[in-house]
2 protein chains.
Amino acid sequence: MTTAPRKGTRARLAPTLEEVAARAGVSRATASRVLRGDARVSERARDAVLEAARAISYVPNLAARSLVTGRSDSIAFLVEETEERMFADPFFLGMLRSAQEAVAEAGLQLVFTVVSRPEDQQRFLAYAAGGHVDGVLLLSLHGQDRLPQRLEALGVPTVLSGRPLSGRRRLWYVDADNAGGGRLATAHLLATGHRRVATVTGPLDMCAGQDRLAGYRAAVEADGRPYDESLVSVGDFTAAGGHAAALSLLERHPDVDAIFAASDLAAFGVVRALRESGRVVGDDVAVIGFDDIPAAAEQVPSLSTVRQPIPALGATMARLLLDRIEGRVDRPRRTVLPVELVLRQSA
Amino acid sequence: MTTAPRKGTRARLAPTLEEVAARAGVSRATASRVLRGDARVSERARDAVLEAARAISYVPNLAARSLVTGRSDSIAFLVEETEERMFADPFFLGMLRSAQEAVAEAGLQLVFTVVSRPEDQQRFLAYAAGGHVDGVLLLSLHGQDRLPQRLEALGVPTVLSGRPLSGRRRLWYVDADNAGGGRLATAHLLATGHRRVATVTGPLDMCAGQDRLAGYRAAVEADGRPYDESLVSVGDFTAAGGHAAALSLLERHPDVDAIFAASDLAAFGVVRALRESGRVVGDDVAVIGFDDIPAAAEQVPSLSTVRQPIPALGATMARLLLDRIEGRVDRPRRTVLPVELVLRQSA
DNA sequence: TGCGTTCGTGAGAGCGCTCTCACGGACCCG
DNA sequence: CGGGTCCGTGAGAGCGCTCTCACGAACGCA
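What you see is a predicted model; the values in this text were computed from it and never measured. (Residues numbered from 1 in each chain as written. Chains lettered and ligands numbered in written order. Predicted model: local features only at pLDDT ≥ 70, side-chain atom pairs only at ≥ 80, totals over all residues. Heavy atoms only, no water.)

In this fold, Thr30 of chain A is placed in helix 2 (residues 28–36). In this view, Thr30 of chain A contacts Val41 and Ala45 of chain A; residues no more than four positions away in its chain are not counted. (Helix = DSSP H or I, 4+ residues; strand = E, 2+ residues; numbered from the N terminus. Contact = heavy atoms within 4.5 Å.)

Take a look at the structure:
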């Protein structure tokens with residue numbers, strides 16, 4: 001096992017189906033049928049093949065299989081963020097978990113890839129289009145990134161997390177009702193007597209950021225107020241971004257009495273800024289976040305927030321992609337899942 | 001593009017090398033040479049092939065290539081933890097980042113897989129042994145888990161993060177000097193006048209947990225004191241585990257004046273327990289952690305800790321695996337990287 | 001001028017599997 | 001008892017690529 005492998009060959013010559021078949025005294029075709037679980041095989045042949053395969057530790061060569069079937073039986077979970085941001089945001093964790101479960105249940109392998117630099121994108125494209133995966137679950141799409149279009153053009157089925165900003169004609173996606181959530185949160189703040197309701201947005205090159213802001217604006221205007229841009233401070237879904245955005249907001253409007261933050265992490269940053277300025281969260285200033293990550297309930301004071309159905313989002317993405325790969329669905333489908341306002345101490 | 005694909009076929013028939021060659025007016029062999037960057041091709045042929053490939057958006061079928069070369073040009077980064085624990089621990093983040101960079105630099109694709117349930121392990125084994133990856137970087141090996149042995153037996157080169165507890169004969173690994181780190185931290189606590197120096201360990205089914213404890217013990221005995229098991233409280237590298245372990249420790253030994261925690265996350269839990277019991281960290285009780293994750297420096301008070309060279313660990317693992325795959329190294333190699341004591345406010 | 005050496009190229013085998021097709025035997029029905 | 005249907009099986013093609021080998025042209029040197 002530890003003899004130097006010649007370049008380009010496996011260290012150990014792997015047993016082939018041919019050898020299994022010979023050992024079991026059947027043809028390659030029959031051995032293949034048994035190992036793929038085809039029903040029309042006699043019990044005698046089945047036992048012989050399974051025993052032979054076990055005896056020589058046979059593992060099918062997936063490249064050879066893939067070359068014939070055109071399938072790899074694996075799915076990519078692709079996150080276009082730096083590793084740092086991905087690990088910092090429990091949203092990705094929840095999505096990964098639920099997608100992983102759904103994909104595993106279908107008997108496929110989920111491989112997780114993070115693309116943080118432009119050259120990574122090119123390599124991933126060749127990897128996916130080269131047939132290493134049957135489809136891609138793509139998270140965290142920014143701005144005018146054409147990766148989904150390029151994947152689709154190369155024949156790689158792709159399902160996005162979140163509505164893309166552009167080129168949405170033929171793209172498949174699963175999204176939460178971001179605008180509805182923004183409206184819900186803002187309307188609640190207005191209805192509970194707050195007069196100066198501000199918002200710390202997400203990145204505005206992402207649809208989720210835009211939509212949550214649009215929801216805020218809709219709620220403000222539905223309340224018969226003018227939309228005041230100075231009450232809007234742009235963040236980026238991170239705690240640090242939320243903190244900075246809140247500071248600039250407090251400078252412009254020291255009398256702000258409620259803030260809708262476009263993510264829970266941003267809300268944590270907002271809360272820190274408020275506390276540093278001597279304000280009491282939930283009393284002087286109400287705060288509502290977005291996502292309902294587990295940490296939201298554990299904050300002091302606990303964070304009111306708009307709950308995204310993260311497990312359902314991941315599972316729905318995975319199932320939609322699998323249905324598409326199997327040819328059970330053939331026209332681009334977009335799913336929008338409802339959100340829910342969760343009231344705690346901060347509002 | 002959106003016509004229903006027949007089961008088992010790609011939605012769009014991908015262009016083949018044959019078509020590129022025909023379009024460029026050369027043979028398949030020459031086209032292949034150009035696309036793989038083989039030097040011995042005339043400029044005229046090269047240009048024609050590249051132009052033809054571009055024109056029809058040719059992407060090589062990696063399954064076909066892999067069938068011939070026996071290589072997939074991708075590496076698995078495998079974490080045997082639940083998704084939650086993996087995301088909660090910045091150690092994995094740092095390892096992923098540095099491994100990803102080293103692998104990308106060599107032109108290979110890194111795929112990241114998390115195995116949290118026993119059935120996942122079986123699927124991964126078939127995936128890896130089936131030739132989808134050329135090697136595996138395996139993190140977070142617990143107890144008697146035989147996965148590395150099984151991978152090696154199936155011909156999949158594997159490099160471990162951390163020395164395995166058993167079957168270490170033929171296994172390759174990269175580790176930090178855990179025992180040395182434990183000794184360093186404990187010796188410092190003893191040298192600075194602390195009289196009741198306790199430890200909150202990691203999981204004792206992992207070598208890192210055992211070794212850091214062994215380092216603690218060695219330092220205690222080197223100081224001429226008896227090794228007192230009641231000063232040892234078993235944790236699991238998590239903050240919650242550290243908190244619980246510290247509570248039970250404080251119950252047994254209210255007069256403890258220094259604690260060596262086997263991970264920074266555990267140290268955070270210890271600090272919280274101390275604070276809850278009214279003790280002042282760094283004053284009443286000194287605390288030293290292990291890892292030096294970024295959050296350690298940001299705590300109040302900032303956490304003294306044993307710094308693991310996380311970027312070097314990940315990069316070394318990746319390079320060792322790549323060297324092995326290329327046949328540049330052929331005998332099992334184990335690398336142990338030095339650690340360093342970083343003193344801050346907590347000790 | 002003749003022979004060896006390089007260089008660029010193409011023909012063709014074959015990687016390990018799946019899948020279609022054809023075939024023989026067992027079975028059922030009229 | 002003959003003609004159908006089924007059922008289990010094997011032969012063989014071929015997926016798209018890489019790589020070895022052989023060949024002719026161009027070049028160097030004696």
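Alright, that's what it looks like, and here's the rest.
So, on to the confidence of the model for chain A. With 96% of its residues at a pLDDT of 70 or more, chain A shows a mean pLDDT of 92. For residues 1–11 of chain A, every residue scores under 50 in pLDDT, and the model assigns this stretch 24 contacts once sequence neighbours within four places are set aside. (pLDDT = per-residue confidence, 0-100.)

With that out of the way, let us pick up the protein's contact with DNA strand D. Around DNA strand D lies a shell of 26 residues, among which Ser42 of chain A together with Leu17, Ser32, Tyr58 and Arg65 of chain B are the nearest. The protein-proximal atoms of DNA strand D, defined as those within 4 Å of the protein, are 62% sugar or phosphate. The side chain of Tyr58 of chain B places a nitrogen or oxygen atom 2.5 Å from a phosphate oxygen of DNA strand D. Between a phosphate oxygen of DNA strand D and a main-chain N or O atom of Asn61 of chain B, the distance comes to 3.2 Å. Classifying every residue of the surface near DNA strand D gives 13 nonpolar, 7 polar and 6 charged. (Near = heavy atom within 4 Å. Polar contact = N/O pair within 3.5 Å; in protein donor to acceptor, adjacent residues only side chain to side chain. Nonpolar A, V, L, I, M, F, W, Y, C, P; charged D, E, K, R; others polar.)

Overlaying chain A on chain B yields an RMSD of 0.0 Å, the required transformation being a rotation through 180 degrees with an accompanying axial translation of 0.0 Å. Interpreted geometrically, this transformation is the action of a two-fold axis. Counting the interface residues of chain A, we find that 100% of their copies in chain B are interface residues as well, pointing to one common contact surface. (Least-squares fit on C-alpha atoms with pLDDT ≥ 70 in both.)

Right, let's talk about the nonpolar core for a bit. The biggest cluster of nonpolar side chains holds 146 residues, and the ones touching the most others in it are Phe77 and Leu137 of chain A together with Phe77 and Leu137 of chain B. With residues near it in sequence (within four places) discarded, Leu137 of chain A still touches Ile75, Ala76, Phe77, Leu78, Ala99, Leu110, Val159, Met317, Ala318 and Leu321 of chain A. Core analysis: the second largest hydrophobic core is formed by 41 residues, Val133 of chain A together with Leu147, Leu151 and Tyr173 of chain B among them. (Core = buried A, V, L, I, M, F, W, Y, C linked by side-chain atoms within 4.5 Å. Buried < 20%, exposed > 50% of the residue type's maximum accessible area, 1.4 Å probe, protein only.)

Moving on to the packing of aromatic side chains. All chains considered together, the criterion is met by 12 aromatic pairs over all chains. Summarising the aromatic geometry, the rings of Phe260 of chain A and Phe290 of chain A are spaced 6.3 Å apart at their centres and angled 55 degrees between planes, so their arrangement reads as tilted. A residue pair is termed long-range when its members are at least 10 positions apart, and Phe260 of chain A in strand 8 (residues 258–261) and Phe290 of chain A in strand 9 (residues 286–291) qualify at 30 residues. When the ring of Phe77 of chain B is compared with that of Phe112 of chain B, the centres are 5.3 Å apart and the planes differ by 85 degrees; the resulting orientation is edge-to-face. In this pair, Phe77 of chain B sits in strand 1 (residues 74–79) while Phe112 of chain B sits in strand 2 (residues 109–114), placing the two residues 35 residues apart along the sequence. (Phe/Tyr/Trp six-rings, centres within 6.5 Å; stacked < 30°, edge-to-face > 60°.)

Glancing now at the sheet that holds strand 7 (residues 232–234) of chain A. All names here are of chain A. Within the open sheet, the 6 strands sit side by side as 7-6-8-9-10-12. Their pairing is mixed. The outermost strands of the open sheet, each flanked by one partner alone, are strand 7 and strand 12 (340–342). Averaged over neighbouring strand pairs, the angle between their axes works out to 20 degrees when direction is ignored. Running over the sheet, helix 11 (residues 239–252) touches strand 6 (197–201), strand 7 and strand 8 and is turned about 150 degrees from strand 7. (Pairing = 2+ DSSP bridges. Axes fitted to C-alpha atoms, helices over the stretch in contact; angles between N-to-C directions.)

It is worth spelling out the domain arrangement of chain A at this point. For interface size, the figure often reported is the accessible area lost on association. What the domain assignment reports for chain A is domain 1 (17–60), domain 2 (74–176 + 310–337) and domain 3 (178–308). Centre-to-centre separation of domain 1 of chain A and domain 3 of chain A, based on C-alpha positions: 62 Å. (Domains from an automatic or database assignment.)

Take the interface of chain A and chain B next. Every contact between the two is made by 64 residues of chain A and, on the other side, 64 residues of chain B. In total, about 5,800 Å² of surface goes out of reach between chain A and chain B, with carbon and sulfur atoms giving 57% of it. The shortest N-O distance in the salt bridge between Glu84 of chain B and Arg97 of chain A comes to 3.1 Å. Applying the counting criterion to the chain A and chain B interface returns 7 residue pairs in polar contact (both at pLDDT 80 or more). Looking at the side of chain A that touches chain B, the elements with two or more residues in it are helix 4 (62–69), helix 5 (83–88), helix 6 (90–105), strand 2 (109–114), helix 7 (118–132) and helix 8 (147–153) of chain A. The class makeup of the residues in the side of chain A that touches chain B is 29 nonpolar, 19 polar and 16 charged. (Buried area = accessible area lost by both parts, 1.4 Å probe. Salt bridge = Lys/Arg side-chain N within 4 Å of Asp/Glu carboxyl O.)

Looking now at the packing of helix 9 (residues 178–191) of chain B against helix 10 (residues 207–222) of chain B. Residue and element names in this part refer to chain B. Direction vectors running N to C along helix 9 and helix 10 enclose 40 degrees, while the axes themselves pass 7 Å from each other. With respect to helix 10, the element helix 9 is oriented oblique. The handedness of the crossing between helix 9 and helix 10 is right-handed. For the pair formed by helix 9 and helix 10, the contact residues are Asn178, Ala179, Gly182, Arg183, Thr186, Ala187 and Leu190 on the first element and Ala208, Asp211, Arg212, Gly215, Tyr216, Ala218, Ala219 and Val220 on the second. Across the contact of helix 9 with helix 10, the residue classes tally to 8 nonpolar, 4 polar and 3 charged. (Parallel < 35°, antiparallel > 145°, perpendicular 65-115°, else oblique. Left-handed = near helix turned anticlockwise from the far one by under 90°.)

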